[in-house]
Amino acid sequence: MIEIVLCTDDNYVMPTAVLMTSIAASNPEAQIHYNIISAGLSQNAQDTLSRNLINSSFGISFYTIDESYLKDCPIRRGEHVSIATYFRLLLPTILPKEIDKVLYIDGDIICLDSLKELWETPLENFSAAAVPDMRCNDIRVLNRLSFNRADDYFNAGVMLINLDWWRKNDIQNKSIKFISENRDICQFHDQDALNVVLHGTIQTLSIRFNLQEHFFEPFGNQFIDKVYLKDMEEAKENAVLIHYTGFKKPWHRECVNPL
């Protein structure tokens, strides 16, 4: 059973449903259980998402979080994210204890191929498996988080999470504490906090599992080390998950993503 986590709200039900539709189309034989995390979805929204279960091997559960836990997590004026971006920090306590591994996927993603290889990635003593961010080696990001130049920075939009490891190492409280004490540093919200708290414990995945928008720019405009160039070019031809990381999403007329 592939346990997938999706965090959403009533305003993001449409793209979340599109993601679920694409997962179903690309994984018709898989057993998948969706864990939908929100601050409270309307019944209409829950019904909309539930309609994307293609057969009896697909299931869905809804969880409601208390936003007061995230009172120290900022959303700045004009940003294109909502408080829902922080919901993934609460997975260790909101999900049942028997779930020890989950695949977290952002709502602005579509699936083009089987998730089996990704789900079966061995985590062993890793906290999670993730793809390098399109700003992975941007010196501005590394300096802001006091990383070394040899360090990598991962994108938190797709994470295969060792939930048991997160519970044992109190990642939820460590991340929220870091954010509350470093509000000005966390430009990319909980992604920055997770990169700091999980530093050195991430299993690196191929870019095909999180093909971000900036990877389509000419290599001279990239913020990622040249060691990733071959993987980046191959990912454009065999992407499993396409991540629309730009401000303009596919449902916006101005979206420039070639996929």
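As a reminder, the structure under discussion sits directly above these lines.
Let us look at the structure shown here.

Definitions and limits used
- Residues numbered from 1 in each chain as written.
- Predicted model: local features only at pLDDT ≥ 70, side-chain atom pairs only at ≥ 80, totals over all residues.
- Heavy atoms only, no water.
- Disulfide = S-S within 2.5 Å.
- Pairing = 2+ DSSP bridges.
- Helix = DSSP H or I, 4+ residues; strand = E, 2+ residues; numbered from the N terminus.
- Axes fitted to C-alpha atoms, helices over the stretch in contact; angles between N-to-C directions.
- Contact = heavy atoms within 4.5 Å.
- Parallel < 35°, antiparallel > 145°, perpendicular 65-115°, else oblique.
- Left-handed = near helix turned anticlockwise from the far one by under 90°.
- Nonpolar A, V, L, I, M, F, W, Y, C, P; charged D, E, K, R; others polar.
- Buried < 20%, exposed > 50% of the residue type's maximum accessible area, 1.4 Å probe, protein only.
- Polar contact = N/O pair within 3.5 Å; in protein donor to acceptor, adjacent residues only side chain to side chain.
- Phe/Tyr/Trp six-rings, centres within 6.5 Å; stacked < 30°, edge-to-face > 60°.
- Lys NZ or Arg CZ within 6 Å of the ring centre and 35° of its normal.

**Here's the deal with the state of the cysteines**
Think of a disulfide as a covalent bridge from one cysteine sulfur atom to another cysteine sulfur atom.
Then comes step 1: A complete count under the given rule lists zero disulfides for this structure.
Then comes step 2: Cys255 takes part in no disulfide bond, and the closest cysteine sulfur to it belongs to Cys111, at a distance of 18 Å.

**Things to note about the sheet that holds strand β2 (residues 32-38)**
Then comes step 1: As summarised here, the arrangement of the seven strands in space is β3-β2-β1-β4-β7-β6-β8, forming an open sheet in which the pairing is mixed. Two strands bound the open sheet, and with one partner strand each, they are β3 (58-64) and β8 (202-204). The average undirected angle you get between the axes of adjacent strands in this sheet is 30°.
Then comes step 2: Relative to β3, β2 is paired through seven bridges, and the arrangement is parallel. The partner of His33 across the bridge, within β3, is Gly59.
Then comes step 3: Against the sheet, helix α2 (residues 43-50) engages β2 and β3, with an angle of about 155° to β3.

**Some details on the sheet that holds strand β9 (residues 211-212)**
Two strands in a sheet stick together by hydrogen bonds in their backbones, pointing the same way (parallel) or opposite ways (antiparallel).
Then comes step 1: Here we have three strands laid out as an open sheet, ordered β5-β10-β9, and mixed in their pairing. In the strand order of this sheet, the two ends are held by β5 (109-111) and β9, each with one partner.
Then comes step 2: In this structure, β9 lies alongside strand β10 (residues 241-243), joined through two bridges in parallel fashion. The residue bridging Leu211 from the neighbouring strand is Ile242, located in β10.

**Section: the packing of helix α1 (residues 13-26) against α2**
Then comes step 1: Relative orientation of the contacting elements α1 and α2 amounts to 20°, with a least axis distance of 9 Å. Overall, the two elements α1 and α2 adopt an arrangement that is roughly parallel. For the pair α1 and α2, the crossing hand works out as right-handed. In this structure, α1 uses Val13, Thr16, Ala17 and Met20 to contact α2, whose residues at the interface are Ala45, Thr48 and Leu49.
Then comes step 2: When the residues that make up the contact of α1 with α2 are grouped by side-chain class, the tally is five nonpolar, two polar and no charged.

**Structural notes on the side chain of Asn155**
Then comes step 1: Inspection of the secondary structure assignment puts Asn155 in strand β7 (residues 154-162).
Then comes step 2: Owing to a relative accessible area of 4%, Asn155 belongs among the buried residues under this scheme.
Then comes step 3: One polar contact links Asn155 to Gln212, side chain to side chain, over a distance of 3.4 Å.
Then comes step 4: Setting aside residues up to four positions removed in sequence, Asn155 forms contacts with Ala130, Val131, Pro132, Asp133, Gln191, Asn210, Gln212 and His243.

**Topic: the packing of aromatic side chains**
Then comes step 1: Inspection of the entire model under this criterion finds two aromatic pairs.
Then comes step 2: Measuring from ring centre to ring centre gives 5.8 Å for Tyr12 and Trp251, while their planes differ by 80°; the resulting arrangement is edge-to-face. Placement of the pair is Tyr12 in the loop between β1 (2-7) and α1 and Trp251 in the segment after β10, with a sequence separation of 239 residues.
Then comes step 3: Here the aromatic rings of Tyr34 and Phe58 are separated by 6.3 Å at their centres, their planes lie at 50°, and the arrangement is tilted. Of this pair, Tyr34 sits in strand β2 while Phe58 sits in strand β3, and the two are 24 residues apart along the sequence.
Then comes step 4: Judged by its relative accessible area of 0%, Tyr34 falls in the buried class.
Then comes step 5: When its relative accessible area of 5% is taken as the criterion, Phe58 is described as buried.
Then comes step 6: Directly above the ring of Trp119 sits Lys101, whose terminal nitrogen or CZ lies 4.2 Å from the centroid.

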